[in-house]
Amino acid sequence: MRVSAGIVRRKDGRMLICKRGVGRNNAHLWEFPGGKQEAGESAQECLQRELMEELMLPVVPGRIVRTEEKQGILFDFVEAETVQEPQLTEHEAMAWVTPREMLGYRFCPADTETAHWLAL
C-alpha cells in the first residue's frame, strides 16, 4: 500500500498539519493530511483527491520530497500549495505552522521523522 501525505504550504511559508479525530487510528496525534493511493493513481493525483474529500481544500501538488516505509506502508510526502483554508470534516483540529513550530506537536509515527526533517 502507498499513502500520499501533503506538505501543504501557504504563500507565507507556513505548513498545514491536522490532528486526527476520535475513533481513528492514532487519534489525537498530528499528521500531514492525505490518504491511500488508488490503483493507477500518482502520488500527486491522490493528494489532490484526498485533500478535497477530507478538507475541501484544492491544492497544486508538486514533487515528492521524501518517501518513507513504516510497517510495510510506503508514504510519499508531496509538496503542495494552496491559497484557501481547509474545512475540517474528519480531523478534530488543524494548524498552519512554521517548520520550527512543528517540534512542539506530537505527530503520528509515520509523520514524525518528516516533521523533524522539515524543522531542522
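Everything in this summary refers to the structure shown in the same document. This is a predicted model, so every value here is computed, not measured.

**Details of the side chain of E68**
- Within the secondary structure layout, E68 lies in strand β5 (residues 60-70).
- Take E68: its relative accessible area is 7%, and that puts it in the buried class.
- Side chain to side chain, E68 and T114 meet in a polar contact 2.7 Å long.
- Ignoring any residue separated from it by four or fewer positions in sequence, one finds E68 in contact with I73, L74, F75, F77, A110, E113 and T114.

**Looking at the layout of surface pockets**
- In this structure, the largest pocket occupies an estimated 560 Å³ of space.
- Together, 23 residues line the largest pocket, and R20, N26, E31, F75 and A110 are the ones closest to its centre.
- Listing elements by their share of the lining of the largest pocket, those giving two or more residues are β1 (2-9), β4 (34-36), β6 (73-81) and α2 (109-119).
- Across the lining of the largest pocket, the residue classes break down as 10 nonpolar, 6 polar and 7 charged.

**So, the nonpolar core**
- Counting residues in each nonpolar core, the largest one holds 17 residues, and the members touching the most others are I7, I17, F32, F77, M102, F107 and L118.
- Put simply, the parts of the chain that give this core at least two residues each are β1, β2 (15-20), β6, β7 (91-97) and α2.
- What M102 contacts, discounting residues up to four positions off in sequence, is M15, I17, F32, V97, F107, A115 and L118.
- With 12 residues, the next largest nonpolar core counts L16, C18, A43 and A80 among its residues.

Rules and cut-offs
- Here the residue numbering is sequential within each chain, running from 1 through the sequence in written order.
- Predicted model: local features are reported for residues with pLDDT of at least 70 only, side-chain atom pairs are reported and counted for 80 or more only, and whole-chain, interface and lining totals are derived from all residues.
- Hydrogens are left out, water is left out, and the side-chain values use all remaining heavy atoms of the structure.
- Segments assigned H or I by DSSP are reported as helices when at least four residues long, segments assigned E as strands when at least two residues long, and all are numbered from the N terminus.
- Residue exposure (1.4 Å probe, protein chains only): buried if accessible area is under 20% of the type maximum, exposed if over 50%, otherwise partly exposed.
- A 3.5 Å cut-off defines polar contacts: any pair of N or O atoms within that distance qualifies, except that in protein one atom must be a possible hydrogen donor and the other a possible acceptor, and neighbouring residues in sequence count only when both atoms are side-chain atoms.
- Every residue pair with non-hydrogen atoms within 4.5 Å of one another is taken to be in contact.
- With a 1 Å grid spanning the protein atoms alone, the term cavity applies to any set of points in which a 1.4 Å probe fits but cannot get out, the term pocket to an open set with protein on both sides within 12 Å along at least five of seven lines, and the term lining residue to any residue with an atom within 4 Å of a point.
- Grid points are joined across faces, edges and corners, and a volume is the space filled by probe spheres set on the points.
- By the convention adopted, Pro, Cys, Tyr, Trp, Phe, Met, Ile, Leu, Val and Ala count as nonpolar, Lys, Arg, Asp and Glu as charged, and the other residues, Gly among them, as polar.
- We call a set of buried residues a nonpolar core when its members are Ala, Val, Leu, Ile, Met, Phe, Trp, Tyr or Cys and they connect through side-chain atoms within 4.5 Å of each other.

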